[in-house]
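# Chains, contacts and geometry: an overview
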Amino acid sequence: NRENSINLCNPHLEKMKEDILYHFALGTGTHDFPALFGDVKFVCVGGSPSRMKAFIAYIAEELGIGSPGGDYPNICAGTDRYAMYKVGPVLSVSHGMGIPSISIMLHELIKLLYHAKCSNITIIRIGTSGGIGLEPGSVVITRQSVDATFKPQFEQVVLGKTIIRSTNLDEELAKELLQCSKEINQFNTVIGNTMCTLDFYEGQGRLDGAICLYNEEEKLQYLKEAYDSGVRNIEMESSVFAAMCNLSGLRAAVVCVTLLNRLEGDQISSSHDILVEYQQRPQKLVGYFIKKSLEKV
């Protein structure tokens, strides 16, 4: 079924004899993309290479694919920019931190899926975030990604002109994920807006960076305004993720756990063991969703 195939918004690619995905160390002249990736139906992306390797091992066990404790080679071992792992119909890819890093990865990932002739793809970003007005450990499924002024848009300068793109995410997919969380019934999960910022410190109103020229009262006023506008968490990748997935016709979601409530502080002070458990929550939710989609629940 090619009905829901990748919408590639670049007519120039058809004229190229070979497409080198430089940051993946893959290319259409050296790799058989349909053979390697043609069966992919679910793509999960997250910041950390080690977290995405842990996710692929987790999903392999959940789906009963591969041997217990088996090793999963990094498909992008020829580069140190990103890591990629695959088991069955699931692809797991790291994207680093921030809009520029995930943007580069997504350009090459979307082309990879297109060259592999993939169809009916669901792509989900799993990660961590700072919560607003939520208990630490709560999971937020993003309704809209908003910028630091709470507008649901992604701004990019292209050829000297500012382009504004929509950051809506798939509403039905968000509802399906919320239903999955209710069925798991292990942690608090909400649908809310996610604020995507350009940095971790000043851009998120922290008081503990190297530079801070505002006071605590101003910070709290800003975060309360964010909450009142529907924002429930803050991270640094969702806006460009939503914009690029929209343009490419990809069914997409963002699922992030909150590591702290930003109305109560700026520094992540939970123990390592608690943080590890928190970080597993988006993996559990998305893993359950994939199993349910494949009728393995």
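Counting from 1, residues in each chain are numbered in the order their sequence is written. Since the coordinates come from a predicted model, pLDDT governs what is reported: local features require at least 70, and pairs of side-chain atoms require 80 or more to be given and counted, while whole-chain, interface and lining totals use all residues. Side-chain descriptors were evaluated using all non-hydrogen atoms of the structure, hydrogens and water having been removed beforehand.

Within an unreviewed UniProt entry, the label attached to the protein reads Uridine phosphorylase, and the organism entered is Odontophorus gujanensis. UniProt positions are given in the numbering used here, feature names are shortened, and annotations may be inferred rather than shown by experiment. According to its UniProt record, the protein has this under Catalytic activity (unreviewed entry): "uridine + phosphate = alpha-D-ribose 1-phosphate + uracil". What UniProt states about the protein under its Function (unreviewed entry) heading is, verbatim, "Catalyzes the reversible phosphorylytic cleavage of uridine to uracil and ribose-1-phosphate which can then be utilized as carbon and energy sources or in the rescue of pyrimidine bases for nucleotide synthesis. Shows broad substrate specificity and can also accept deoxyuridine and other analogous compounds."

### Digging into the packing of aromatic side chains
Centres within 6.5 Å make a pair out of two Phe, Tyr or Trp rings, where for Trp the six-membered ring is used; the pair is then stacked when the planes are under 30 degrees apart, edge-to-face when over 60, and tilted otherwise. One pass over the structure, following the stated rule, counts 5 aromatic pairs. Note on F33 and F37: the rings are 6.0 Å apart at their centroids and 70° apart in plane angle, and the pair reads as edge-to-face. With F33 and F37 both in helix 1 (residues 33-37) and 4 residues apart, this pair spans about one turn of that helix. Partly exposed describes any residue whose relative accessible area lies between the buried limit of under 20% and the exposed limit of over 50%, with all areas from a 1.4 Å probe on protein chains only and scaled to the type maximum. Classification of F33 by relative accessible area gives buried; the value is 2%. A relative accessible area of 1% means that F37 is categorised as buried. We note R206 situated over the ring of F200; from NZ or CZ to the ring centre the distance is 3.8 Å. Across the ring face of Y227, the terminal group of R232 is positioned such that the distance to the ring centre comes to 3.7 Å. We count a stretch as a helix when DSSP gives it H or I for four or more residues in a row; a strand needs E for two or more, and each element gets its number in order from the N terminus. A ring is scored as having a charge over it whenever the NZ atom of a lysine or the CZ atom of an arginine sits within 6 Å of its centre and within 35 degrees of its normal.

### Description of helix 7 (residues 272-293)
One less than the residue count of a helix, multiplied by 1.5 Å, gives the span that helix is expected to have. Over its 22 residues, helix 7 runs 32 Å from end to end, which matches the ideal 32 Å to within 8%, given 1.5 Å per residue. Buried within helix 7 we find L275, Y278, R281, P282, Q283, L285, V286, G287, Y288, F289, I290 and K291. Two residues or fewer after helix 7 comes E295, characterised by a positive phi angle close to 60°.

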